[in-house]
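Close look at the chain arrangement
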Amino acid sequence: MAREFLHLLRLGTHAEQDYVLRGRSFFDAIVLNANLVEGSKSAIAVLVTRLQKPYFIDPVTYAFALDPRLLRSAGPGNPRPKRSFSALAAAYGLDPGFVGVRPVTSDWFADDGAVEDFAAHVIDYQRTAIGNALADDAAFLTSELSDRAKWVGPHATLAPYFVEDFRDGWRNVNVRSLSTHASATRDLRGGAIGVDSRQLTPQNIAELAGTYAETDLDQAFMWLTNFDEHAATVGQLAGYARLTQFLASQGKAMMASYGGFYSLLLAFRGLAGSSHGIGYGDKRDLEPLVGGGLPPARYYLRPVRDFVSLADLGLVAAGISEDEFRSRICQCTICEGLLREGGVDGLIEQFTETEDRLTATGRVVAVATPRAYRLTRFHYMSVRAEEFDLIRNTETLNLVLGTLVAESRWVEGRLGLRATAHIGRWHDAMEMTEPV
Amino acid sequence: MREAVVVEAVCGFIQERGYAFLAEYPLLGKVADVYGLLSLEHDRTIAIECKERDWRRGLEQARRYQLATDEVFLAVPERVVTDELTQEASRLGVGLLVVVPSKAVRIALEAKPTTNLIPSLRGRALEHFTQRLLLLDG
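Calculation notes
- Residues numbered from 1 in each chain as written.
- Chains lettered and ligands numbered in written order.
- Predicted model: local features only at pLDDT ≥ 70, side-chain atom pairs only at ≥ 80, totals over all residues.
- Heavy atoms only, no water.
- 1 Å grid on protein atoms, 1.4 Å probe; cavity = no way out; pocket = protein on both sides within 12 Å on 5 of 7 lines; lining within 4 Å.
- Points joined across faces, edges and corners; volume = space filled by probe spheres on them.
- Helix = DSSP H or I, 4+ residues; strand = E, 2+ residues; numbered from the N terminus.
- Pairing = 2+ DSSP bridges.
- Axes fitted to C-alpha atoms, helices over the stretch in contact; angles between N-to-C directions.
- Contact = heavy atoms within 4.5 Å.
- Salt bridge = Lys/Arg side-chain N within 4 Å of Asp/Glu carboxyl O.
- Polar contact = N/O pair within 3.5 Å; in protein donor to acceptor, adjacent residues only side chain to side chain.
- Buried < 20%, exposed > 50% of the residue type's maximum accessible area, 1.4 Å probe, protein only.
- Core = buried A, V, L, I, M, F, W, Y, C linked by side-chain atoms within 4.5 Å.
- Right-handed = clockwise from strand over helix to strand, strands pointing away.

1. Some points on empty space enclosed by the protein
Summed over all chains, the structure comprises 3 cavities of 30 Å³ or more. The computed volume of the largest cavity comes to approximately 120 Å³. Lining the largest cavity we find 13 residues, and of these A:Thr354, B:Pro26, B:Leu28, B:Arg124 and B:Ala125 sit closest to its centre. The set of elements that each furnish at least two residues to the lining of the largest cavity consists of β1 (20-27) and α5 (119-137) of chain B. For the lining of the largest cavity, the element with the highest residue contribution is α5(B), accounting for 4 residues.

Structure representation (structure tokens):
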């Protein structure tokens, strides 16, 4: 029997809606950040009803505790708070005057009444944001989409959460939020556990696991901030696996907020699902990088379960036949189409297509064409869907690990150990932990 | 010797040999320090990666350029050259240019034609190159 493992896609920007709609068969449910919802409610609401898939709204309450400069609009000398976060603060029952000026601290929620009021607002927002937007949209009410109204409510609501850094007293606030949520809902008692992965010592893992095991949580997203599966040490990876395993053993359905293939391996340690973005969304730092322009297009190299530069795709694929490409690298819908159109060389040519752009400093740079971006992203979505199916349908972890190690060896011969070293670490970390 | 000095010396070197060239040329999502063409008649393209000391990284970059360029070289200051570097460059078919303290350049190892060359990528790189040269001339 196939293993249950939920495949969630996280919408990063409005521009990604087309990927979500066209690629709707690739995933099970969608995660929407509340600030994105607040930024364009009508468009998101119509997306949800067109998609007809379960959705979650991540309340992103943690953002209000970050450096307030991150909540200001971009641009020098422009201290205005971002409108979406100000509106969100108001919807959460907070005075939006603090947004972009000072961070919230755990002291704000010292008394239980403050936590209850905040949690009630945050949960109500998730329940009603999409429905209210549709109710305000005359075009929706008179359209054929209105018979899809059953999709307007979220799959589950998430209690407000702040990132646990083992210093600022947030754990107490988080646990009380969960408790408030649990007593107020008859539905799934959902939450999110955000943890600064840089503080994830064995002792902190044990503390966290013990604390959250005692809550009334049914289902929760787990976000290890600043955690890169491909760079993490065996100890860090094993710590993540142990935390997952312990919480799963206590009946908590944990899902990775941001996860790559390692999070899929954790299905064998009790993880119930994993979420990722359309481009680089398999990890997220606590404080996002700001600026820097469009990230380069990259190719998700299936045998090593990682992104590589498009030049590296060329190195891996140079000189091999179409059949070898299919068996060793990829035979997803996108790659298959390109192979049929122009063989391996044609595929490389399409993925590496660039156009010249003038930078703000007057330099000419070559950037991937919009078509190359689309190809790399649909390829990624397609391969990820295959990966979830692999995890659901493979009986034992050893079978998955065996295939993974064998497939990556061939790439190692072409790109060197730098492209495959993480696979050995994943293998070792999984071997250090036991199934639930 | 700083990388900028290596680049400058290499530019002078290939100019003397009749190459039209551009520095910091975007190639396959990376930026080649120098990319050039030995006249339309000869139709030979060259890419050169310059490094102050990290030759392993330089060779890694240079390998990628082999997908789209006829000849690929790594250029390094003389003090960086070791047997290990020469052997590794030879194995990969990457040529080696050595910049001596007087900023003169000598060819320590010729580049070999590689099996990695993808004609359509080479053609595209060359087309962009000629367009850019025309723009600069224009």
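2. A closer look at the sheet that holds strand β2 (residues 30-38) of chain B
Paired through their backbone hydrogen bonds, the strands of a sheet run either parallel or antiparallel. Residue and element names in this part refer to chain B. With mixed pairing, the 6 strands of this open sheet are ordered in space as β1-β2-β3-β4-β5-β6. Looking at strand neighbours, the two that pair on one side only are β1 and β6 (105-109), the edges of this open sheet. The average angle at which neighbouring strand axes cross in this sheet is 30 degrees, direction not considered. Where β2 and strand β3 (residues 44-50) come together, 5 bridges link them in antiparallel fashion. Across the sheet, the residue bridging to Leu37 is Thr45, located in β3. The strands that helix α3 (residues 55-65) touches are β1, β2, β3 and β4 (71-77); relative to β4, the one it contacts most, it runs at about 165 degrees. Strand contacts of helix α4 (residues 83-92): β4, β5 (95-99) and β6, with the helix running at about 70 degrees to β6, the strand carrying the most contacts.

3. Let's talk about the interface of chain A and chain B
Taken together, the 19 residues of chain A in the interface contact 16 residues of chain B. Scanning the region where chain A abuts chain B turns up 2 salt bridges. Among the ionic pairs, B:Arg64 bridges to A:Asp312, the shortest N-O distance being 2.7 Å. Here chain A and chain B share 6 residue pairs in polar contact (both at pLDDT 80 or more) between them. Elements that contribute at least two residues to the side of chain A that touches chain B include exactly α11 (310-317), α13 (333-351), β11 (354-358) and β12 (364-368) of chain A.

4. Describing the pattern of salt bridges
It is possible for side chains bearing opposite charge to pair when their charged atoms get close. All names here are of chain A. Going through the model one piece at a time under the given rule, you end up with 36 salt bridges over all chains. Where Arg392 meets Asp389, a salt bridge forms, and the shortest distance between an N and an O atom there is 3.1 Å. Here the residue Arg392 and the residue Asp389 both occupy positions in helix α14 (residues 370-393), the gap between them amounting to 3 residues, near one helical turn. Since its relative accessible area comes to 16%, Arg392 is described here as buried. The class of Asp389 is partly exposed, set by a relative accessible area of 38%.

5. Side note on the sheet that holds strand β8 (residues 273-276) of chain A
All names here are of chain A. Read across the sheet, 8 strands follow the order β3-β2-β1-β8-β7-β6-β5-β4 without closing on themselves; strand pairing throughout is parallel. Among the strands making up the open sheet, the edge pair consists of β3 (55-58) and β4 (157-158). With 4 bridges joining them, strand β2 (residues 29-33) and β3 adopt parallel strand pairing. Across the sheet, the residue bridging to Ile30 is Tyr55, located in β3. Set on the sheet, helix α7 (residues 170-184) makes contact with β4 and β5 (189-196); between it and β5 the angle comes to about 170 degrees.

6. What to know about the nonpolar core
All names here are of chain A. By size, the foremost hydrophobic cluster in this structure holds 109 residues, and its most contacted members are Tyr262, Leu265, Tyr299, Phe325 and Ile329. When sequence neighbours within four positions are dropped, the list of residues in contact with Tyr299 reads Asp306, Phe307, Val308, Leu310, Leu313, Phe325, Ile329, Cys330, Cys335, Phe351 and His379. Tyr19, Ile57, Phe109 and Trp170 belong to the second-largest nonpolar core, a separate cluster that totals 60 residues.

7. Let's talk about the pairing of strand β6 (residues 219-225) of chain A
Residue and element names in this part refer to chain A. The element β6 is largely enclosed, with a buried count of 7 among its 7 residues. Sheet topology note: the β5/β6 ladder contains 7 bridges and is parallel. From the neighbouring strand, Val195 faces β6, where its bridge partner is Leu224. At this point the chain moves from β5, through helix α8 (residues 202-213), to the parallel β6, and the crossover so formed is right-handed. Sheet topology places β6 next to strand β7 (residues 253-256); 4 bridges connect them, and they run parallel. Of the residues in β7, the one forming a bridge with Met222 is Ala256. In this fold, the crossover linking β6 to β7 by way of helix α9 (residues 234-249) has right-handed handedness.

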